[in-house]
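Understanding the architecture of this molecule
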Amino acid sequence: MNKVILMGRLTRDPEVRYSNDMAIARFSIAVDRRFKREGEQEADFFNCVAFRKTGEFVEKYLHKGTKVVLDGELHNNNYTDKNGNKQYSMEITVNTIEFAESKNAQGGTSGGASIGTTGNAAPSADAGDGFMSIPDGTDDELPFS
């Protein structure tokens, strides 16, 4: 089984190109290490690539500093360069990616996706018991009943 789950922040804006109408988004994330020893680096950096709809999502909503959770597969891209030297590299091929914090936690600078109600007041943040309160009259807009 080859499965990787990471949570971290984009270290730069994604680079997106299209090949045969398929989005290919390349980006890297910094993942904080759980235990830090004095003199060692505090994060690991992973190169990632996302294809098709996932690549389009990355292009549209993610930018440098965005905190994400992703799952994917670890792939090695070993090759021999023109001097005959073996080169080794690894990258994560992303299957799914999600925001790991709210727009407000990011300082409100993200162009992130949001799902809102149409015409009615938005739900309030917290009703005090850990649940959001949903305004009256929104029953027709809920995806379940």
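Residues numbered from 1 in each chain as written. Predicted model: local features only at pLDDT ≥ 70, side-chain atom pairs only at ≥ 80, totals over all residues. Heavy atoms only, no water.

**Some thoughts on the overall build of the chain**
- Looking only at helices and strands, one finds 1 helix and 8 strands in the chain.
- Taken from the N to the C terminus, the helices and strands of the chain come in the order β-β-β-β-α-β-β-β-β.
- Per-residue burial over the chain gives 26% buried out of 145 residues.
- Counting only contacts in the chain whose residues sit at least 6 apart along the sequence, the fraction spanning at least 24 positions is 53%.
- Working note: accessible area of the chain is about 10,600 Å², and carbon and sulfur atoms make up 48% of it. (Helix = DSSP H or I, 4+ residues; strand = E, 2+ residues; numbered from the N terminus. Buried < 20%, exposed > 50% of the residue type's maximum accessible area, 1.4 Å probe, protein only. Contact = heavy atoms within 4.5 Å. Areas by Shrake-Rupley, 256 points an atom, 1.4 Å probe, with all protein chains shown as cover.)

**Looking at helix α1 (residues 52-61)**
- Turning to α1, its buried residues number three or more, namely T54, G55, V58 and Y61. For α1, the angular spread of the buried residues around the axis is 155°, confining them to a single face. Set apart from the buried face of α1 by more than 90 degrees, the exposed residues are R52, K53 and K60.
- Those residues of α1 hidden inside the fold are in contact with β3 (22-32), β4 (43-51) and β8 (90-99). (Arc of directions from axis to C-beta.)

**Considerations on the pairing of β8**
- Bridge analysis of β4 against β8 gives 2 bridges, and the strand direction is parallel. Among the inter-strand pairings, V49 is bridged to a residue of β8, identified as T93.
- Bridging between strand β5 (residues 67-76) and β8 involves 9 bridges; their strand directions are antiparallel. Residue V69 lies in a different strand from β8, and its bridge partner there is E98. (Pairing = 2+ DSSP bridges.)

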